[in-house]
Amino acid sequence: MNLVRTAMLLAFMTALFMAVGFLIGGKGGMMIALLIAAGMNFFSYWNSDRMVLRMYRAQEVDERTAPEYYRIVRDLAKNAGLPMPKVYVIDNPQPNAFATGRNPENAAVAASTGLLNALSYDEVAGVMAHELAHVQNRDTLTMTLTATLAGAISMLGNFAFFFGGNRENNNPLGFIGVLVAMIVAPLAAMIVQMAISRTREYSADRRGAEICGKPLSLASALAKISNFVHQVPNDEAERNPATAHMFIINPLSGERMDNLFSTHPATENRIAALQRMAQEMSAVSTPPVRADTPVRKSRSVPPTGWGRGGSEPPKGPWS
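Here the structure is a predicted model, which is why all the values come from computation and not from measurement. (Residues numbered from 1 in each chain as written. Predicted model: local features only at pLDDT ≥ 70, side-chain atom pairs only at ≥ 80, totals over all residues. Heavy atoms only, no water.)

Caption draft 1: Quick peek at the packing of aromatic side chains. In total, this model carries three aromatic pairs according to the counting rule given. Where F98 meets F247, the ring centres are 5.1 Å apart and the plane angle is 75 degrees; that geometry is what we call edge-to-face. Here F98 is found in strand 3 (residues 97-100), whereas its partner F247 is found in the loop between helix 8 (235-239) and helix 9 (267-284), with 149 residues between them in sequence. The class for F98 is buried, based on a relative accessible area of 1%. (Phe/Tyr/Trp six-rings, centres within 6.5 Å; stacked < 30°, edge-to-face > 60°. Helix = DSSP H or I, 4+ residues; strand = E, 2+ residues; numbered from the N terminus. Buried < 20%, exposed > 50% of the residue type's maximum accessible area, 1.4 Å probe, protein only.)

Caption draft 2: Local environment of the sheet that holds strand 2 (residues 86-90). In space, the four strands of this open sheet follow the order 1-2-4-3, with mixed pairing throughout. In the strand order of this sheet, the two ends are held by strand 1 (59-61) and strand 3, each with one partner. Pairs of neighbouring strands in the sheet enclose a mean axial angle of 30 degrees, with direction left out of account. As paired strands, strand 2 and strand 4 (residues 108-112) are joined by five bridges and run parallel to one another. Across the sheet, residue K86 finds its bridge partner in strand 4, namely A108. On the sheet, helix 4 (residues 121-136) packs against strand 3 and strand 4 and is oriented at approximately 25 degrees with respect to strand 3. (Pairing = 2+ DSSP bridges. Axes fitted to C-alpha atoms, helices over the stretch in contact; angles between N-to-C directions. Contact = heavy atoms within 4.5 Å.)

Caption draft 3: Structural view of the confidence of the model for the protein chain. For the protein chain, the average pLDDT comes to 78, and 66% of its residues sit at 70 or higher. This stretch, residues 254-261, has a pLDDT under 50; its non-local contacts, to residues over four places away or in other chains, come to 25 contacts. Across residues 293-305 the pLDDT falls below 50, and counting only partners more than four positions away or on other chains, this stretch makes 21 contacts in the model. (pLDDT = per-residue confidence, 0-100.)

Caption draft 4: Inspection of helix 4 at higher detail. The terminal C-alpha atoms of helix 4, which comprises 16 residues, lie 22 Å apart, in line with the 22 Å expected from a rise of 1.5 Å per residue. Burial analysis of helix 4 places 15 of its 16 residues in the buried class, the great majority of the element. Count one or two residues on from helix 4 and you reach R138, which has phi positive near 60 degrees. (Expected span 1.5 Å × (residues − 1).)

Caption draft 5: Just the pattern of salt bridges, in detail. Scanning the model with the defined rule gives 12 salt bridges in all. We note a salt bridge from K214 to D122, for which the minimum N-O separation is 3.1 Å. Of this pair, K214 sits in the loop between helix 6 (174-212) and helix 7 (215-229) while D122 sits in helix 4, placing them 92 residues apart in sequence. A residue is classified by how much of its surface remains accessible, and D122, at 7% relative accessible area, is buried. In this structure, R206 engages E280 in a salt bridge whose closest nitrogen and oxygen atoms are separated by 3.5 Å. You can see R206 sitting in helix 6 and its partner E280 sitting in helix 9, a full 74 residues away along the chain. (Salt bridge = Lys/Arg side-chain N within 4 Å of Asp/Glu carboxyl O.)

Caption draft 6: Quick peek at the pairing of strand 3. Of the two faces of strand 3, both are covered, the one formed by A97 and A99 as well as the one formed by F98 and T100. Note: strand 3 against strand 4, four bridges, orientation antiparallel. From the neighbouring strand, A99 faces strand 4, where its bridge partner is V109.

Caption draft 7: How the structure looks around helix 2 (residues 67-80). The terminal C-alpha atoms of helix 2, which comprises 14 residues, lie 20 Å apart, in line with the 20 Å expected from a rise of 1.5 Å per residue. With 10 of 14 residues buried, helix 2 lies mostly within the body of the structure. Just downstream of helix 2 lies G81, where phi reads positive at about 75 degrees.

Caption draft 8: A look at the environment of F98. Between the C-alpha atoms of F98 and T140, which are 42 residues apart in sequence, the distance is 9.2 Å. Excluding residues within four positions of it along the chain, F98 makes contact with V52, L53, Y56, I90, A108, V109, A110, E131, M246 and F247.

Caption draft 9: Region of interest: the packing of helix 2 against helix 4. Contact geometry of helix 2 with helix 4 gives a least axis separation of 9 Å together with a crossing angle of 50 degrees. Considering the angle they form, helix 2 stands oblique to helix 4. Helix-helix and strand crossings are classified by hand; for helix 2 and helix 4 the assignment is right-handed. Contact residues: helix 2 offers E68, Y69, I72, V73, L76, A77 and A80, while helix 4 offers Y121, V124, A125, M128, A129, L132 and Q136. When the residues that make up the contact of helix 2 with helix 4 are grouped by side-chain class, the tally is 12 nonpolar, one polar and one charged. (Parallel < 35°, antiparallel > 145°, perpendicular 65-115°, else oblique. Left-handed = near helix turned anticlockwise from the far one by under 90°. Nonpolar A, V, L, I, M, F, W, Y, C, P; charged D, E, K, R; others polar.)

Next up, the structure:
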């Protein structure tokens, strides 16, 4: 069903892209737009994950360089019935995380050093379970392709100002077509992108809570991350705002209005939904999903950082 929804979404975004091309250059412009959209989708499908990880200078870790973090992801992936994804660390003081990859077999999860140092063990597990839920739901592919097309539609809208609106370009609607291409089409693409992002965050929160078995740990993590986002800037995200929807909490401005134009639902609403879920789980006495290796009780992460083995010398990409 997710594949069907993804196909329908891409068909709509591609049609919108072609419509902008038609408004700018008539039938010729529409065909050019179709070829561009096909090329962008093909490139994004195979390369989007590597592009995003490189953009944030993420470094891959394993059980030797980040043992606790790696084991959390491994156990949660087993709980979810997913292949083991690649695990990355981003050297950034803002607590945040995201997932990427075209499918579960080629997925990657990334957490910032700020998140690994600021959150408890169970909270980190909740965050990574949320990201694995995105992988399981194939949200990573959908949102990457949607963001690519939305950005391209906005780019075409800018071109319309310079190249549309005259007879030589075969624009069928003249100046009205230029206005639609400049304003309405990019706005429609943005609305679709934002609305889908918000819906998928709620779904990933719920599935993530099922994977880790502790909705309140994820709720606590969301509250902490949201608070830090207001205080700690993420320079890479500011330079690449099109990637903001990938993070568990908006890394740019931490919008608190649950409206149509925010990339994420209001954190308070997400926390409330998780609290209701915890009450439901408690009422029916459903045992939490556990890995073979029991998760330790929640504790604060030592200031030396995750994966350094206590008194051992610092190691890992954040040392």
